[in-house]
Amino acid sequence: MLEDLIEIKNGEHVTPTFSAAEMDGRLAKLRTQMVDDGIEATLFTSYHNINYFSEFLYCAFGRPYGLVVTEASATLISANVDGGQPWRRTQGENLIYTDWHRDNYFRAVQNLIPAGSRVGIEFDHINLDDRAKLEAALPGSDFVDVAKPIMFMRMVKSVEEIAVIKN
């Protein structure tokens, strides 16, 4: 039987754009917001938020990507088509789903977020079909829109971000 979820750690991590302290600071602000809103896990699906919180910029190739942030971890969900590249380019963990069974992406989400959780998602970046699949994958969960508060959080630039923007 083929594995639905795998880990590939090939090669070395690339030099990140931002320091570990910068990325840890971003995640700390996010986690504070999550605690304030009573959110146990956040599933990002947009290019901009996945990149902002993990430094990985994906090319979907028709496949969904995600970043699950909890109190204790930040895990990128990536498609097997990318091999080990996401692991090399993210500052968190990486869980790869295969195309060997339909909707393995949602199996990866189930692996990272317990059913019945209060989950932050970007309402403006999830279509109705995927929202229904997410609800089926995480029965009893309460979904909260985090798009707007996270956008406001990203608007305040750190010294490192300003330096990168200037260059």
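Residues numbered from 1 in each chain as written. Predicted model: local features only at pLDDT ≥ 70, side-chain atom pairs only at ≥ 80, totals over all residues. Heavy atoms only, no water.

### Describing the overall build of the protein chain
The line we're drawing: Strands are runs of DSSP state E lasting at least two residues, helices are runs of H or I lasting at least four, and both sets are numbered from the N terminus onward. The size measure is the radius of gyration over C-alpha atoms, and the globule rule it meets is 2.2 Å times the number of residues to the 0.38 power. For the exposure calls, accessible area comes from a 1.4 Å probe over protein chains only, and a residue counts as buried if that area is under 20% of its type's maximum, exposed if over 50%, partly exposed in between.
Check the secondary structure of the protein chain and you find seven helices and seven strands. Across the protein chain, helices and strands are ordered from the amino to the carboxyl terminus as β-α-β-α-β-β-α-β-α-β-α-β-α-α. Scaling as 2.2 N^0.38, a compact globule of 167 residues should have a C-alpha radius of gyration of about 15 Å, and the protein chain matches this with 16 Å. In terms of overall dimensions, the protein chain has C-alpha extents of about 50 × 40 × 25 Å along its principal axes. The 167 residues of the protein chain split such that 43% are buried.

### With respect to the nonpolar core
Spelled out, the test is: Nonpolar cores were defined as sets of buried Ala, Val, Leu, Ile, Met, Phe, Trp, Tyr and Cys residues, with membership established by side-chain atoms within 4.5 Å. In this analysis, two residues are considered to be in contact whenever any of their non-hydrogen atoms come within 4.5 Å of each other.
Leu30, Phe44, Phe53 and Leu134 are the most contacted members of the largest nonpolar core, which totals 39 residues. Leu30 has contacts with Phe44, Phe53, Val69, Ile150 and Met153, leaving out every residue within four places of it along the chain.

### Thoughts on the environment of Arg131
Tracing the sequence through the fold places Arg131 in helix 5 (residues 128–137). The class for Arg131 is partly exposed, based on a relative accessible area of 22%. With twelve residues separating them in the primary sequence, Arg131 and Phe143 have C-alpha atoms 9.6 Å apart. Beyond its immediate chain neighbours, meaning those up to four positions away, Arg131 contacts Ile121, Phe123, Ile126 and Phe143.

### Observations concerning the packing of aromatic side chains
Put simply, the rule is: Pairing of aromatic side chains here covers Phe, Tyr and the six-membered ring of Trp, requires ring centres within 6.5 Å, and sorts the geometry by plane angle: under 30 degrees stacked, over 60 edge-to-face, intermediate tilted. The rule for a charge over a ring is simple: NZ of Lys or CZ of Arg within 6 Å of the ring centre, and within 35 degrees of the ring normal.
Tallying each qualifying case throughout the model produces seven aromatic pairs. Between Tyr52 and Phe53, the aromatic rings sit 4.9 Å apart at their centres with planes inclined by 85°, giving edge-to-face as the arrangement. Across this residue pair, the class does not change: Tyr52 and Phe53 are buried. What links up through ring pairs into an aromatic cluster is the set Tyr47, Phe56, Tyr58 and Tyr65. Looking at Arg26, its charged tip hangs above the ring of Phe18, at a distance of 4.3 Å from the centre. When the ring centre of Phe123 is taken as origin, the NZ or CZ atom of Arg131, which lies over that ring, is 4.8 Å away.

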